[in-house]
Amino acid sequence: HLGDAGAGTLLDVTACPGTDTCKLGIASSRGLAAELSKRLAAKADQIDDTIKDLHIKLSGCFNACGQHHLADLGFYGVSRKVGNTTVPHFRVVLGGQWSENAGSYGVTIGAVPSKRIPDFIDRLTDQYLAERLENESFKDYTKRIGKKALKVLVDEMAVVPAYEVDRSFYSDWRDPREFTISDIGIGECAGEVVPRIHFDLQTAEQVHFEAQLQFDDGNYQAADETAYKAMLEAAKGLIRLQFLDVADDPDTVVAEFKQRFYDTELFFDKYAGGRFAQYLFKRHKERGERVYDRENASHLIEETQLFIEAVYACHGRLLEQGGLTPGLALNPLAAAQV
């Protein structure tokens, strides 16, 4: 509310409309903002002056209407499948700079369940207060400790309890409706059956993260090639829903992906169409002519993240439509062998 105290401070959480009114919204950015504002206001007197000037900005999707990319603590809505159930998440974007005409963008680290974002913020700001150097800004702190250290915290907070253990994770902030709940299959060893694509996408995200680390080290060709590899890994995850034994050859992967998911428009987003697939096609076409420099590597890393998110979204749509080939699942105990 405009009349509330704390404008321009940590208490002044910014959010786009998200799922409340926007057709593009994936997660309830406004609901999360309300929850954060309530919690921060309740402890306003105890907030350390060092973090009072940090900015929290939320977007319901990657389109950045909430300007999450310019915040100290930015988040944008995504979804993840746990079993066959959709769970609202937010991707974490840290260390952006809103001042000096948006001097720099934050870096994307990973995704955290929506219901864990408040605790994540508490953990990260407490860690910053305990570890910061004298007069070190939050942006400089995140840059100093690096993506690897930040990802450890993100990964710790990324765990989603089973539906039977805590159902609150399966609905969004200030929205009592639950996402679609499906029966969880049990394998022969009595373990939970997890679709193989979950592991394929985890691999793609890990490879994408490695590309970011290579970029930070100034290895732009390696970063570029690794980001391209991450897109191929994500594409293979989708292909294996229909063709389990697809070869690893990039020409084969791109051709199968195009035939099965682009030409059929299964990959198409309702509003973006096939735009995200073009990132893969363009990079594949440029293999022999690619210019390996900082700018191209940076763009490709950003495009790879969007492509991976589009694969997650495509998989979710296929599940909802019942359009998946049965039987392509793995037991977590065997995942290390994949």
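Residues numbered from 1 in each chain as written. Predicted model: local features only at pLDDT ≥ 70, side-chain atom pairs only at ≥ 80, totals over all residues. Heavy atoms only, no water.

**Quick look at the packing of helix α6 (residues 220–239) against helix α9 (residues 294–321)**
Their axes nearest at 9 Å, the elements α6 and α9 cross at an angle of 10°. It follows from the interaxial angle that α6 and α9 lie roughly parallel. For the pair α6 and α9, the contacting residues are Y220, A223, D224, A227, Y228, A230, M231, A234, A235 and L238 in the first and R294, N296, A297, L300, I301, T304, F307, I308, V311, C314, H315 and L318 in the second. Taken together, the residues of the contact of α6 with α9 sort by class into 17 nonpolar, three polar and two charged. (Axes fitted to C-alpha atoms, helices over the stretch in contact; angles between N-to-C directions. Helix = DSSP H or I, 4+ residues; strand = E, 2+ residues; numbered from the N terminus. Parallel < 35°, antiparallel > 145°, perpendicular 65-115°, else oblique. Contact = heavy atoms within 4.5 Å. Nonpolar A, V, L, I, M, F, W, Y, C, P; charged D, E, K, R; others polar.)

**What to know about empty space enclosed by the protein**
This model, assessed by the stated rule, comprises one cavity of 30 Å³ or more. What lines the largest cavity is L36, R39, L40, K43, I56, P118, I121 and D122. Counting only elements with at least two residues in the lining of the largest cavity, the list comes to α1 (29–42) and α3 (117–131). Of the residues assigned to the lining of the largest cavity, the class counts are five nonpolar, no polar and three charged. (1 Å grid on protein atoms, 1.4 Å probe; cavity = no way out; pocket = protein on both sides within 12 Å on 5 of 7 lines; lining within 4 Å. Points joined across faces, edges and corners; volume = space filled by probe spheres on them.)

**Focus: the state of the cysteines**
Going through the model one piece at a time under the given rule, you end up with zero disulfides. Cysteine C16 is unpaired, with the sulfur of C65 as its nearest cysteine sulfur at 5.7 Å. According to the relative accessible area criterion, C16 is buried, its value standing at 10%. (Disulfide = S-S within 2.5 Å. Buried < 20%, exposed > 50% of the residue type's maximum accessible area, 1.4 Å probe, protein only.)

**Here's the deal with the environment of E256**
Mapped onto the secondary structure, E256 falls in helix α7 (residues 250–262). Taking C-alpha positions, E256 is 8.8 Å from K236, a pair spaced 20 residues apart along the chain. Not counting residues up to four positions away in its chain, the partners in contact with E256 are I239, F243, V246 and F261.

**Structural notes on the side chain of T304**
Residue position: T304 is located in helix α9. Apart from residues no more than four positions distant in its own chain, T304 is found in contact with H208, A227, A230 and M231.

**Here's the deal with the environment of Y105**
Locating Y105 in the fold gives a position in the loop between α2 (99–102) and β5 (107–113). On the basis of relative accessibility, which here comes to 52%, the residue Y105 falls in the exposed class. Spatially, the C-alpha atom of Y105 lies 8.9 Å from that of H68, the residues being 37 residues apart in sequence. Those residues in contact with Y105, other than ones at most four positions away along the chain, are H69, L70, G95 and G96.

**Quick look at the confidence of the model for the protein chain**
Interpretation of the predicted coordinates at a detailed level should be avoided for regions scoring low in pLDDT. Averaged over the protein chain, the pLDDT score is 83; the fraction of residues at 70 or greater is 86%. Put simply, strand β7 (residues 329–330) is where the protein chain has its lowest mean pLDDT, 38, and helix α8 (residues 275–285) is where it has its highest, 97. Here residues 179–193 is a poorly scored stretch, pLDDT under 50, and it has 30 contacts once near neighbours within four places are set aside; other chains count. Counted against residues more than four places away or in other chains, residues 325–338, with its pLDDT under 50, gives 26 contacts. (pLDDT = per-residue confidence, 0-100.)

**Some remarks on the packing of aromatic side chains**
Overall, the coordinates contain 13 aromatic pairs when judged by the stated rule. On the basis of an interplanar angle of 25° and a centroid distance of 6.2 Å, the ring pair of F257 and F261 is categorised as stacked. Of this pair, F257 and F261 are both found in helix α7, four residues apart, which corresponds to roughly one turn of the helix. Note on accessibility: F257 and F261 belong to one class, buried. With 5.6 Å between their ring centres and 40° between their planes, F267 and F307 make a pair best called tilted. Note that F267 is positioned in the loop between α7 and α8 and F307 in helix α9, a separation of 40 residues in sequence. With respect to class, F267 is no different from F307; both count as buried. Above the ring of Y312, the side-chain terminus of R80 is found at 3.6 Å from the ring centroid. The ring of Y228 carries the charged tip of R283 above its face, separated from the ring centre by 4.5 Å. (Phe/Tyr/Trp six-rings, centres within 6.5 Å; stacked < 30°, edge-to-face > 60°. Lys NZ or Arg CZ within 6 Å of the ring centre and 35° of its normal.)

**Some points on the sheet that holds strand β3 (residues 73–82)**
Reading across from one edge, β1-β2-β3-β4-β5 is the order of the five strands in this open sheet, with mixed pairing throughout. At either margin of the open sheet sits one strand with a lone partner, and together these are β1 (14–15) and β5. Sheet topology note: the β3/strand β4 (residues 85–94) ladder contains ten bridges and is antiparallel. Following the sheet pairing, F75 is matched in β4 by V92. On the sheet, α1 packs against β1, β2 (56–59) and β4 and is oriented at approximately 160° with respect to β2. α3 rests against β2, β3, β4 and β5 of the sheet, and its axis sits at about 130° to β3. (Pairing = 2+ DSSP bridges.)

**Section: the layout of surface pockets**
Taken as a whole, the largest pocket encloses approximately 1,200 Å³ of empty space. Lining the largest pocket are 34 residues, with Y105, G106, V107, T108 and E302 positioned closest to its centre. Put simply, the parts of the chain that give the lining of the largest pocket at least two residues each are β4, β5, α4 (138–157), α5 (196–216) and α9. Ranked by residues supplied to the lining of the largest pocket, first place goes to α9 with eight residues. Split by residue class, the lining of the largest pocket holds 13 nonpolar, 13 polar and eight charged. Each pocket or cavity is described by its volume, and for the second largest pocket that value is around 1,000 Å³. As for the second largest pocket, its lining consists of 36 residues, of which L24, G25, I26, S79 and A313 are closest to the centre. Among the elements that make up the lining of the second largest pocket, the one with the highest residue count is α9 (eight residues). Across the lining of the second largest pocket, the residue classes break down as 16 nonpolar, eight polar and twelve charged.

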